[in-house]
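Tertiary structure, described
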Amino acid sequence: MSNLPASILNALRTVLPNPDTFYPLHEPEFSLETWNLLKECLDSGWVSSVGKYVDQFEEQFCDITGAQYAIATTNGTAALHLALHLAKVQRDDEVITPTLTFVATTNAISYCGAVPHFVDSDPITLGVCPDKLSDYLNQIAVMRNGICYNKKTNRNITALMVVHIFGRPAQIKKLRVLADKWNLELIEDAAEALGSEESSVFIGSNSKFAAFSFNGNKIITTGGGGVLATSDFSVWKRAKHLSTTAKQQHAWEYSHDEIGFNYRMPNINAAMGCAQLNCLKDFLNRKRELSNHYLSAFQKVKGIQFIQEAPNTKINYWLNILQLNKPNLELRNEILEVTNKSNIMTRPIWNLMHNLPMYSSSPRMHDLSTASNLFASIINIPSSPSLISSRLN
């Protein structure tokens, strides 16, 4: 048996010292303001999708991230589905998406009746590899009257769904050029990337479609919730209408002019989000400090590395990442077992989408080796911002 699991546990203990304390992967942290705003919602009775905090949350989100428009949704998956719908993804269209992602990305494509088309990842950013995708599209795609078709299936390829894995910015500039070349709508799954930057610009702030998540384990939380951010006024206007069941404004009438979605974030969740956004800068600073402690702890551990930022990016360190120097599924699982049994929650990356039964027949690149290697080598470790506070007390 390798001694690496024990070495990793020892390194983790220099940052997470108490063996009797359970260290979760990422737990939420709430300020006194959160409690006050929630109480105000309860006292007022405005707890559902009508209330002042929904609009306030959207405005704060734009102020902080630089996004031009934001639509608060019930969760990040709803934001993705809304983006795909507004990108005019139709039944039986294909959407290029990484096989290395959380299942919600792929499920949102399926909600449209569309077909996920899986591609490989970049070993540094963990997102879609633009060079490999470019070569692949040159092989399997053809343009006809301005529409991209898959030569093998003869289906339209309508969109490219890019995922910023663990808050690490994908090579969005290269991917945008590629999407424009093949006339694909570019959709950013930024569920994990709030506060991350590329070239000093917040992820998703200049995108036509960027979906964020505020689930209980995210960098900030609204309990459950998401945002569709957009730089396009017409997208914002349509998204706002569709997310509120396509109800036409009227003092008392219930009139709906098309099939919409009940995707509007409730006021009580938005109130929590307003308080959380006020803490975002502090969360990011403490998480960066935590990552520096981990970097120091793992510098002398052979066989594994602590993953840092790619050049020209600034990441939110939503989840800190350890990566085996060589992919080894058996060793990865041994490390997971040792750490979890020691009250330190660690997790592997998600199962690759093309290996899930409902997506096993979806089109894909022949070579998905980078994603497979990452699956067999990545481990997430505790990343809560509160770890810095408790560690320094």
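Look up: the structure comes first, before these words.
Residues numbered from 1 in each chain as written. Predicted model: local features only at pLDDT ≥ 70, side-chain atom pairs only at ≥ 80, totals over all residues. Heavy atoms only, no water.

What to know about the pairing of strand β6 (residues 157-163)
Within β6, 7 of the 7 residues are buried, which leaves the element mostly enclosed by the surrounding structure. Of the strand pairs in this sheet, strand β2 (residues 94-98) and β6 are connected by 3 bridges, and their pairing is parallel. Following the sheet pairing, glutamate 94 is matched in β6 by isoleucine 157. Taken together, the 5 bridges between β6 and strand β7 (residues 185-189) define a ladder with parallel strand orientation. Paired with alanine 159 across the two strands is glutamate 185, which belongs to β7. (Buried < 20%, exposed > 50% of the residue type's maximum accessible area, 1.4 Å probe, protein only. Helix = DSSP H or I, 4+ residues; strand = E, 2+ residues; numbered from the N terminus. Pairing = 2+ DSSP bridges.)

Some details on the pattern of salt bridges
Applying the stated criterion across every chain, the model contains 16 salt bridges. Here aspartate 367 and lysine 132 are joined by a salt bridge, their closest N and O atoms 3.0 Å apart. Of the two residues, aspartate 367 is situated in the loop between β15 (347-348) and α11 (369-375) and lysine 132 in helix α6 (residues 130-140); the sequence distance between them amounts to 235 residues. Taken together, the salt bridges that share partners define one network made up of Asp55, Glu58, Lys240 and Arg264. (Salt bridge = Lys/Arg side-chain N within 4 Å of Asp/Glu carboxyl O.)

Brief notes about the environment of serine 200
By secondary structure assignment, the location of serine 200 is in the loop between β8 (197-198) and β9 (201-202). Given a relative accessible area of 69%, serine 200 falls into the exposed group. Considering only alpha carbons, one finds serine 200 and alanine 246, 46 residues apart in sequence, at a separation of 37 Å.

Some remarks on the sheet that holds strand β14 (residues 320-324)
Judged by pairing direction, the sheet is antiparallel, and its 4 strands sit side by side in the order β12-β14-β16-β15 without closing on themselves. Across the chains shown, the open sheet's two edge strands, defined by having one partner strand only, are β12 (304-306) and β15. Relative to strand β16 (residues 378-381), β14 is paired through 4 bridges, and the arrangement is antiparallel. Residue pairing in the sheet places leucine 322 in a bridge with isoleucine 379 of β16.

With respect to helix α3 (residues 52-65)
Here α3 is 14 residues long and its end C-alpha atoms lie 20 Å apart, about the 20 Å a rise of 1.5 Å per residue gives. Along α3, the residues that are buried comprise Tyr53, Val54, Phe57, Glu58, Gln60, Phe61, Cys62 and Thr65. Just past α3, the residue glycine 66 takes up positive phi, approximately 85°. (Expected span 1.5 Å × (residues − 1).)

What about the side chain of arginine 286?
Structurally, arginine 286 is set in helix α9 (residues 267-298). A distance of 2.7 Å separates polar atoms of two side chains, one belonging to arginine 286 and the other to glutamate 29. Contacts of arginine 286, omitting those with residues within four sequence positions, involve Glu29, Pro385, Ser386, Ile388 and Ser389. (Polar contact = N/O pair within 3.5 Å; in protein donor to acceptor, adjacent residues only side chain to side chain. Contact = heavy atoms within 4.5 Å.)

Considerations on helix α10 (residues 329-341)
Over its 13 residues, α10 runs 18 Å from end to end, which matches the ideal 18 Å to within 8%, given 1.5 Å per residue. Leu331, Arg332, Glu334, Ile335, Leu336 and Thr339 are the residues of α10 that are buried. Tucked inside the fold, the buried residues of α10 contact α1 (4-15), β14, β15, α11 and β16.

Section: the sheet that holds strand β13 (residues 313-314)
Spatially, β9-β8-β13 is the arrangement adopted by the 3 strands of the open sheet, whose pairing is antiparallel. In this open sheet, the two edge strands, each paired with only one partner strand, are β9 and β13. Both β8 and β13 contribute to a ladder of 2 bridges, which runs antiparallel. If you follow glutamate 197 over to β13, its bridge partner there is lysine 314.

Side note on the side chain of serine 383
Within the secondary structure, serine 383 sits in the loop between β16 and α12 (386-392). Within polar-contact distance, the side chain of serine 383 engages the backbone nitrogen of asparagine 320 at 2.8 Å. If we ignore the near neighbours within four places in the chain, the residues touching serine 383 are Pro24, Leu25, His26, Lys287, Leu290, Tyr317, Trp318, Leu319 and Asn320.

Brief notes about the packing of aromatic side chains
Under the defined criterion, the tally for this structure stands at 13 aromatic pairs. Consider the rings of tyrosine 294 and phenylalanine 306, whose centres lie 6.0 Å apart with planes at 35°: the pair is tilted. Taken together, the residues span a long stretch of sequence, with tyrosine 294 in helix α9 and phenylalanine 306 in strand β12 at a distance of 12 residues. Taken individually, tyrosine 294 and phenylalanine 306 each receive the classification buried, so the pair is uniform in this respect. Chaining the aromatic ring pairs together yields one cluster made of Phe57, Phe61, Phe212 and Phe214. (Phe/Tyr/Trp six-rings, centres within 6.5 Å; stacked < 30°, edge-to-face > 60°.)

Thoughts on the state of the cysteines
Disulfide: a covalent bond connecting the sulfur atoms of a pair of cysteines. Under the criterion given, the structure shown has 0 disulfides. Between cysteine 148, a cysteine without a disulfide, and cysteine 112, which holds the nearest cysteine sulfur, the sulfur-to-sulfur distance is 18 Å. Looking at cysteine 148, the relative accessible area reads 1%, which means it is buried. (Disulfide = S-S within 2.5 Å.)

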